[in-house]
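Fold and geometry: a report
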Amino acid sequence: MACISCVTFFFLFLTKLSIGQREVTVQKGPLFRAEGYPISIGCNVTGHQGPSEQHFHWSVYLPTAPTQEIQIVSTNDAAFSYAVYAQRVQRGEIYVERVRGNSVLLHISKLQVKDSGEYECHTPNTDGKYYGSYSAKTTLVVIPDTLSVTMSPQSLRKEEGEPLELTCEAAKATAQHTHLSVTWYLMQDGQSQATKIISLSRDFMLMPGSSYIERVAAGNVRLDKLGATTFRLSIGSLQPSDQGQLFCEATEWIQDPDETWTSITKKQTDQTTLRIQPAVRDFQVNIATNSTFAEGKPLELMCLVVGSGRDPPLQGVWLFNGIEMARIDARGVLHLKRDYKERASQGQLQVSKLNSKAFSLSIFAAGPEDEGTYGCAVAEMARTQTGSWQVLQRKQSPDSRVHLRKPAARSVVLSTQNKQQTIWEGEALTLVCKADGAESPLSVSWWHIPQNQTQPEFVAGMDGDGTVQLDASYGKPSNHGRVRLEKRDWATFQLEIPSTNIRDSGTYECRVSERTQTQARGLSWTQKMSVTVKSLASSLKVTLMSRQPQVKLTNTLNLSCIAGVGYSDLQVPLTVSWRFQPAGSQVAHQLVRVTHHGTVEWGDFPSQFQKKMKVSQSSYHSQLLIHDTTKEEEGVYQCKVDVYDRNSLHLNDPARASAISHPLRIVVTLPESKLKVNSSSQAQELSLNSNTAIECRLLSQTPGNLQLAVIWYFSSVSPNASWLTILEMDQTNVVKYGDEFHTPRRKQKFHTEKVSQDIFQLHILNVEDGDQGKYRCAVQEWLPSANGAAYKLGEETSGLTELKLRPTGSKVRVSKVYWTENATEHGEAAIRCSLESSGGSASLFSVMWYRTGERSGSQLLAHLQHDGLLVYGKAGLGGYLQCHRASPTDFVLKFHRVEMEDAGTYWCRVAEWQLLGTPSKWVTQASGESQHVVLTVLPSESTLPSRICSSTSLIYFLFVCPFVVFTLLLISVLCLYWKARELSALRLASQKEKSLWVNMNGAGDSPTKRWEEEEEDG
């Protein structure tokens, strides 16, 4: 019950807070706006006290530092802006507009990408106390401007009444959901304000401009959307008022979280100049047709209006022998006379208006009754106020006489299209049958007499009206690719078998027939031709060749697969398959297959072939190139060729012929290295602190695209000194220093340079005593491969170069006493290095400590430089190693906590430094090494404190857990104390209420009664 009381009290407290408190609100985000465009963000404060005019501070939290406030602008503090926004505020690009005393707008006139962030509006406190919210935030995201609107600028000249079409391309690539609106404008000459023609709103609603409302309603002005980005303006009939500059404007809209639509981008196209020529009223009428026609053939007549510069309502009338036969009025309604109405219903006659200035009369099967004189009359019409039509002017064409041609005797010629009567299997067979004589309706039938047969088989036929009949066997696509019969002109018929086979050999016969109305039986003519079809497999032979059966490593393997055929001009589709059997393997794999469809199908062999292979294919030749060959490409190659007919490009027919080449073995060899390096020895004697360069010269190299690597070695003057790697520059010019030369000082001292194609140099700066010794280089030749591997062709080592210093008179004497040191695991240990003399007063000393482990080579532990700077050989050694100079002649290496792996051999190298030169700088004079010290580490015995300290979980249990338990007990006591205070307060309030109730009852009694009660009490 006590907890419920606490919760009730808390909600009552929140309710009191919500009454009359200050509240700051901003526009709900996120707000998406385009780069380069303005934005206005509103901020409002309510429930405040104090003056009615409140002040506002605007800040931003950028995505790169979401917790750091960057101040932008304030209404009462001119110095409020941070430097990043101060200039834009001073220029007026960012400012605050006060709408009311408690409401403002933040304006950013030109957004930048860096303006994205969380914007905060803050109002300083003017109340008696802090009560409510004093700031609010919204998110602004600045997105790229992806809107593009284009229209090719042009200059157009049109006549009044002509149509006009303009297209505008408007596209966007915004990731957010946005809408586009497109508006077409007209800028008339001498006007400063553009006139709106028509627009497509963001809600896909068409809205005409005030000057184009009637024309849009009549359909004369339209705006169509063609596809996703194309908007077309169509004006059916131009008027003089349409003259001027036309352009298109696109606007991109986005819906904010408060469900209001906001324009984020707007762009206009280039302008198109339109000039309109007023219409010419007068016109002429001409008729066009052939002077003769054949019986049963179509007869076409055209009535053309010439000279009118506009498209007025016209009425056309067709006349035959001076008598009206058909009329098309100004509304486009056709009126036919009785005789012609019946022919039109049977599909024999058609009268139409092709366009505003052309009428046509078509008789599809003309006869003797259609011979005569034709004419047409055209009248310009205008509608009166009553709605009727009146004739403004009427023009008639000259008469045109049409004659019927009489049929004559004919002859027929049968030939092939390519003049060849012998073709290959799969090749198309095209037969052409041509009749001569006067034009007339003809029919044709084709017949085939196979070899060793005498009975003809029907192939195809065509009637005089163009109806085609195909035999069932020739009409199936699977047999011949569907036989086609075409009529090239009135007297030429073409039979095409797209894909022939052996069975199509034989004799072909063409029969041409003609029917006339004057003869009961038609006339016919016949012609024959013999055709032979040869098999494709009869001449197919495949050869695999290579110019180099032995290919050098990294060279290109060139294989050619040639199909030898006797039909090279046929261009039949081929499928070429390349197979490969690796050396030492009994399994052959398919590398690649180039199908006759042109697709490339890769085999199941490792993918490195795909990256290196290039296959090309021409008509009868396929080439396989394998670049940068490696040993993996060594083996036996073969190619297989499948021949298809041309019909197989569309059908999945099997191959007509196949052949495979002989196996070809390819061997991949490494090129012989011709690398030679100068092996002569030389010596250099230098002054202390001077610079020098050691040369490594190549006498000869292997030709080709090879890469070189160079390694520099050094051996000191110490007895039994081993060769140390100074640095290595590999074949990719990456430099890697040796373990003993990996310090920053050594890297600065030694560096290599490729002076020319055959000279490398090792530069040594500020030569010191420790640099004395022998140097040599090793040069390697590497052959790169396309698969990322590199093959080492050879390696040559140069002669020795001995580097000596001229004597300076100084000498460092280090104690050579051999001794051993024992240490206990986890204990401390110290190793000393002593000088036999402390040297001169002008000398400083540096010491370098080395160690050789049981399983590792020598490594640098620490370097105490002459200036007192301590540098460790690698990171992490400073945690338990300390190097210092205990006395003028003693150097100490101290271990704070010895581990078992610290056992090994230790020694030091001491160098003497003096200040020489002008300007003066410290240089080494001499150096010396100590005798080796053997450190033996003995295992330690574990104790109880060490066990406790080594166990993390035990430490948590002994120290952290008691603290957590104590904290929980303290919270429980505070809760009990708070509960007790609440109970005490409730009890005291109850007692006061009871006492008040008793006093009120006593006040209602008479004085006499009260005295009696007092006496009884007495």
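Overview of the structure.

1. Observations regarding the environment of R806
- Tracing the backbone through its elements, the reader meets R806 in the loop between β63 (801–805) and β64 (819–824).
- Along the primary structure R806 and L686 are separated by 120 residues, whereas in three dimensions their C-alpha atoms are 6.0 Å apart.

2. A few points about the side chain of R851
- Inspection of the secondary structure puts R851 in strand β66 (residues 843–852).
- Side-chain polar atoms of R851 contact the backbone oxygen of E901, separated by 2.5 Å.
- Reaching out from R851, the side chain makes a polar contact with the side chain of Y906 at a distance of 3.1 Å.

3. Some details on the sheet that holds strand β12 (residues 164–171)
- One open sheet holds the four strands; their spatial order is β10-β12-β17-β16, and the pairing between them is antiparallel. Looking at the sheet topology across the chains shown, the edges are occupied by β10 (148–150) and β16 (221–226). With strand direction ignored, the average angle separating the axes of adjacent strands in the sheet is 20°.
- As judged from the three bridges shared by β10 and β12, these two strands associate in the antiparallel manner. Paired with V149 across the bridge in β12 is A170.

4. Observations concerning the packing of aromatic side chains
- In total, this model carries nine aromatic pairs according to the counting rule given.
- When the centroid spacing of 5.3 Å and the interplanar angle of 70° are considered together, the rings of W447 and F458 count as edge-to-face. Of this pair, W447 sits in strand β35 (residues 442–450) while F458 sits in strand β36 (residues 457–462); the two residues are eleven residues apart in sequence, bridging distant segments of the chain.
- According to the relative accessible area criterion, F458 is partly exposed, its value standing at 27%.

5. Observations concerning the environment of L727
- Assignment of secondary structure puts L727 in strand β57 (residues 724–729).
- Judged by its relative accessible area of 0%, L727 is buried.
- Measuring from C-alpha to C-alpha, the distance between L727 and C777 comes to 10.0 Å, with 50 residues separating the pair along the chain.
- With residues up to four places along the chain from it excluded, the contact list for L727 reads V710, I711, W712, V735, K736, Y737, G738, F750, H751, T752 and L762.

6. So, the state of the cysteines
- The full count for this structure, using the stated rule, is seven disulfides.
- Two residues share a disulfide in this structure: C168 and C248, whose sulfurs sit 2.5 Å from each other. Between C168 and C248, the S-S torsion sits near -65°, and that sign places the bridge as left-handed. Here C168, found in strand β12, pairs with C248, found in strand β18 (residues 244–255); they are 80 residues apart in sequence, far enough to count as distant.
- A sulfur-sulfur separation of 2.0 Å characterises the disulfide bridge that pairs C303 with C376. Every disulfide takes its handedness from the sign of the S-S torsion; for C303 and C376 that torsion is 75°, giving right-handed. Separated by 73 residues along the polypeptide, C303 in strand β23 (residues 299–306) and C376 in strand β29 (residues 372–383) bring together distant segments of the chain. Here C303 and C376 have matching classes, each one buried.

7. A few points about the pattern of salt bridges
- Within the structure shown, the criterion is met by 27 salt bridges.
- Notably, a salt bridge pairs E802 with K804, separated by 4.0 Å at the nearest N-O pair.
- When its relative accessible area of 29% is taken as the criterion, E802 is described as partly exposed.
- One salt bridge connects R909 with E929, and the closest N-O pair in it is separated by 3.1 Å. With R909 in strand β71 (residues 904–916) and E929 in strand β72 (residues 921–929), the pair connects residues that are 20 residues apart, well separated along the chain.

8. Comments concerning the side chain of E249
- Among the structural elements, E249 can be located in strand β18.
- At 4.4 Å, K266 is the nearest oppositely charged side chain to E249, a buried residue that forms no salt bridge.
- A polar contact of 2.9 Å, which involves the side chain of E249, links it to the side chain of Q268.
- Among all residues touching E249, those that are not within four sequence positions of it are S181, V182, T183, Y185, K266, K267 and Q268.

9. Looking at the sheet that holds strand β5 (residues 70–74)
- Ordered by their spatial adjacency, five strands build an open sheet running β2-β9-β8-β4-β5, and the pairing between neighbours is mixed. Both outer strands of the open sheet, β2 (31–34) and β5, are each paired with one neighbouring strand and no more. Strand-to-strand twist in this sheet, taken as the mean axis angle between neighbours without regard to direction, amounts to 30°.
- Both strand β8 (residues 117–122) and strand β9 (residues 135–143) contribute to a ladder of six bridges, which runs antiparallel. If you follow E120 over to β9, its bridge partner there is K137.
- Most of the contacts of helix α2 (residues 83–90) go to β5, to which it runs at about 25°, and overall it touches β4 (57–61), β5 and β8.

10. Considerations on the nonpolar core
- Core analysis: the biggest nonpolar cluster contains 34 residues, and L559, Y567, W578, L591, Y637 and V643 have the highest contact counts within it.
- Secondary-structure elements contributing two or more residues to this core are β42 (541–546), β44 (557–564), β45 (574–582), β46 (589–594), β49 (621–626), β50 (635–643), β51 (657–660) and β52 (664–669).

11. Quick word on unusual backbone geometry
- Across the junction of G29 and P30, the peptide omega takes the value 0°, indicating a cis bond.
- The backbone of E259 shows a phi angle near 70°, a positive value even though the residue is not glycine.
- Positionally, E259 belongs in the loop between β18 and β19 (261–268).
- Unusually for a residue other than glycine, K419 sits at a positive phi of about 65°.
- With respect to the secondary-structure elements, K419 resides in the loop between β32 (412–416) and β33 (422–424).

12. Here's the deal with a nonpolar patch on the surface
- Together, V960, F963, V964, L968 and I971 give the surface a local cluster of nonpolar side chains, amounting to about 470 Å² of exposed area.
- Checked against the element boundaries, I971 lands in helix α9 (residues 952–1002).
- A relative accessible area of 46% means that I971 is categorised as partly exposed.

Criteria and thresholds
- Residues numbered from 1 in each chain as written.
- Predicted model: local features only at pLDDT ≥ 70, side-chain atom pairs only at ≥ 80, totals over all residues.
- Heavy atoms only, no water.
- Helix = DSSP H or I, 4+ residues; strand = E, 2+ residues; numbered from the N terminus.
- Polar contact = N/O pair within 3.5 Å; in protein donor to acceptor, adjacent residues only side chain to side chain.
- Pairing = 2+ DSSP bridges.
- Axes fitted to C-alpha atoms, helices over the stretch in contact; angles between N-to-C directions.
- Phe/Tyr/Trp six-rings, centres within 6.5 Å; stacked < 30°, edge-to-face > 60°.
- Buried < 20%, exposed > 50% of the residue type's maximum accessible area, 1.4 Å probe, protein only.
- Contact = heavy atoms within 4.5 Å.
- Disulfide = S-S within 2.5 Å.
- Salt bridge = Lys/Arg side-chain N within 4 Å of Asp/Glu carboxyl O.
- Lys, Arg positive; Asp, Glu negative; His and termini not counted.
- Core = buried A, V, L, I, M, F, W, Y, C linked by side-chain atoms within 4.5 Å.
- Patch = residues over 30% accessible without salt bridge, like charges linked within 9 Å, V, L, I, M, F, W, Y side chains within 5 Å.
- Areas by Shrake-Rupley, 256 points an atom, 1.4 Å probe, with all protein chains shown as cover.

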